[in-house]
Amino acid sequence: DVKVTQSSRYLVKRTGEKVFLECVQDMDHENMFWYRQDPGLGLRLIYFSYDVKMKEKGDIPEGYSVSREKKERFSLILESASTNQTSMYLCASSPTNSPLHFGNGTRLTVT
Amino acid sequence: AQSVAQPEDQVNVAEGNPLTVKCTYSVSGNPYLFWYVQYPNRGLQFLLKYITGDNLVKGSYGFEAEFNKSQTSFHLKKPSALVSDSALYFCAVRDKAAGNTGKLIFGQGTTLQVKP
């Protein structure tokens, strides 16, 4: 079974802090994604990666960056956290032309 | 621009009754459509997909979806709802501009509440 693991379920950070959200998948998938989920807005794509060291902006990349140094790991970085980045963050992975597999999410609160 | 709409924020149905969760899409050409379910405090789980072929697609947990090209709809259905089906449901379409990466565009989600 595919496993996508997000390192933290809950995270509380202060405004201005640098925040790292980690995601690891164990199925050698080429593609990895970071979405944020907010009530009434569904899932919005922040960044995605289709190969090691490759990244593409999604619909809402402002305030975020990503890193993919190894195929199995895709990190989301908030350079300077702000309160409007309080949200549920979902990582997903997929092989080419196949459905996405999601992690359980990280609920981030920025105070 | 490609988009997906789920016109209902919440659907309420009694256990044992049929359920429908609505989804409409706007995509040029042939769409790749998906349904996902999210249980509380969990990530999304894949239910079913339509790529081509039969307009009625069967998926996990007894769910099915009907692709209707003329109405640009892909409604999720189940003949007999269970209380355990209560969850948040997302419709999604593949972003064709992203090639084979599998990038999806999601609707805003519909909460399904099944009452005993």
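Keep in mind it's a predicted model, so treat the numbers as computed, not measured.

What counts, and at which threshold
- Residues numbered from 1 in each chain as written.
- Chains lettered and ligands numbered in written order.
- Predicted model: local features only at pLDDT ≥ 70, side-chain atom pairs only at ≥ 80, totals over all residues.
- Heavy atoms only, no water.
- Buried < 20%, exposed > 50% of the residue type's maximum accessible area, 1.4 Å probe, protein only.
- Helix = DSSP H or I, 4+ residues; strand = E, 2+ residues; numbered from the N terminus.
- Pairing = 2+ DSSP bridges.
- Salt bridge = Lys/Arg side-chain N within 4 Å of Asp/Glu carboxyl O.
- Phe/Tyr/Trp six-rings, centres within 6.5 Å; stacked < 30°, edge-to-face > 60°.
- Lys NZ or Arg CZ within 6 Å of the ring centre and 35° of its normal.
- Disulfide = S-S within 2.5 Å.
- Contact = heavy atoms within 4.5 Å.
- Buried area = accessible area lost by both parts, 1.4 Å probe.
- Polar contact = N/O pair within 3.5 Å; in protein donor to acceptor, adjacent residues only side chain to side chain.

**Considerations on the pairing of strand β5 (residues 31-38) of chain A**
All names here are of chain A. Counting buried positions over the eight residues of β5 gives eight, a clear majority of the element. Going residue by residue along β5, you find N31, F33, Y35 and Q37 tucked away on one face and M32, W34, R36 and D38 tucked away on the opposite face as well. Bridging between β5 and strand β10 (residues 87-94) involves seven bridges; their strand directions are antiparallel. In the sheet register, Y35 faces β10, and the bridge partner there is L90. Sheet topology places β5 next to strand β6 (residues 42-49); seven bridges connect them, and they run antiparallel. Residue pairing for β6: Y35 is matched across the bridge by L45. Hairpin connection, β5 to β6: the antiparallel pair is bridged by three residues, and G40 has positive phi, about 80°.

**Thoughts on the pattern of salt bridges**
Residues and elements named next belong to chain A. Under the counting rule described, the total for this entry stands at 10 salt bridges over all chains. In this structure, D28 engages K71 in a salt bridge whose closest nitrogen and oxygen atoms are separated by 3.4 Å. In this pair, D28 is assigned in the loop between β4 (23-25) and β5 and K71 in the loop between β8 (64-70) and β9 (73-78), connecting sequence segments 43 residues apart. Residue D38 is joined to R36 by a salt bridge in which the shortest nitrogen-to-oxygen separation is 2.8 Å.

**Quick word on the packing of aromatic side chains**
Two numbers describe a pair of aromatic rings. These are the distance of the centres and the angle of the planes. Tallied over the full model, the rule gives 14 aromatic pairs over all chains. A centroid spacing of 6.2 Å and a plane angle of 45° characterise the contact between Y35 of chain A and F102 of chain A, whose relative ring orientation is tilted. Taken together, the residues span a long stretch of sequence, with Y35 of chain A in strand β5 and F102 of chain A in strand β11 (residues 101-102) at a distance of 67 residues. For the residue pair Y35 of chain A and F102 of chain A, the accessibility class agrees, reading buried in each case. Here Y50 of chain B and F74 of chain B contribute two aromatic rings whose centre-to-centre distance is 6.4 Å and whose plane-to-plane angle is 50°, an arrangement assigned as tilted. In this pair, Y50 of chain B sits in strand β6 (residues 44-50) while F74 of chain B sits in strand β9 (residues 73-78), placing the two residues 24 residues apart along the sequence. When sorted by exposure, Y50 of chain B lands in the same class as F74 of chain B, which is buried. Among the aromatic residues, those joined into a cluster by ring pairs are F33, Y35, F48 and F102 of chain A together with Y36, F46, F90 and F106 of chain B. When the ring centre of F63 of chain B is taken as reference, the NZ or CZ atom of K78 of chain B above it lies at 5.0 Å.

**Digging into the state of the cysteines**
Simply put, the disulfide is a covalent bond whose two ends are the sulfur atoms of two cysteines. Residues and elements named next belong to chain A. According to the stated counting rule, one finds two disulfides over all chains in the structure shown. Disulfide pairing places C23 opposite C91 at an S-S distance of 1.9 Å. Disulfide C23 to C91: torsion about the S-S bond roughly -80°, handedness left-handed. Taken together, the residues span a long stretch of sequence, with C23 in strand β4 and C91 in strand β10 at a distance of 68 residues. According to the relative accessible area criterion, C91 is buried, its value standing at 0%.

**What about the interface of chain A and chain B?**
Between chain A and chain B, the contact holds 24 residues from the first and 21 residues from the second. Roughly 1,800 Å² is buried in total at the junction of chain A and chain B, and carbon and sulfur atoms are behind 53% of that figure. Between chain A and chain B we count zero salt bridges in total. There are six residue pairs in polar contact (both at pLDDT 80 or more) connecting chain A and chain B. Those elements that place two or more of their residues in the side of chain A that touches chain B are β5, β6 and β10 of chain A.

**Side note on the pairing of β9 of chain B**
Residue and element names in this part refer to chain B. Counting buried positions along β9 gives five out of six residues, so the element sits mostly inside the fold. Across three bridges, the pairing between strand β3 (residues 19-21) and β9 is antiparallel. Paired with T20 across the two strands is K77, which belongs to β9. Across five bridges, the pairing between strand β8 (residues 64-68) and β9 is antiparallel. Bridge pairing in β9 places A65 opposite L76.

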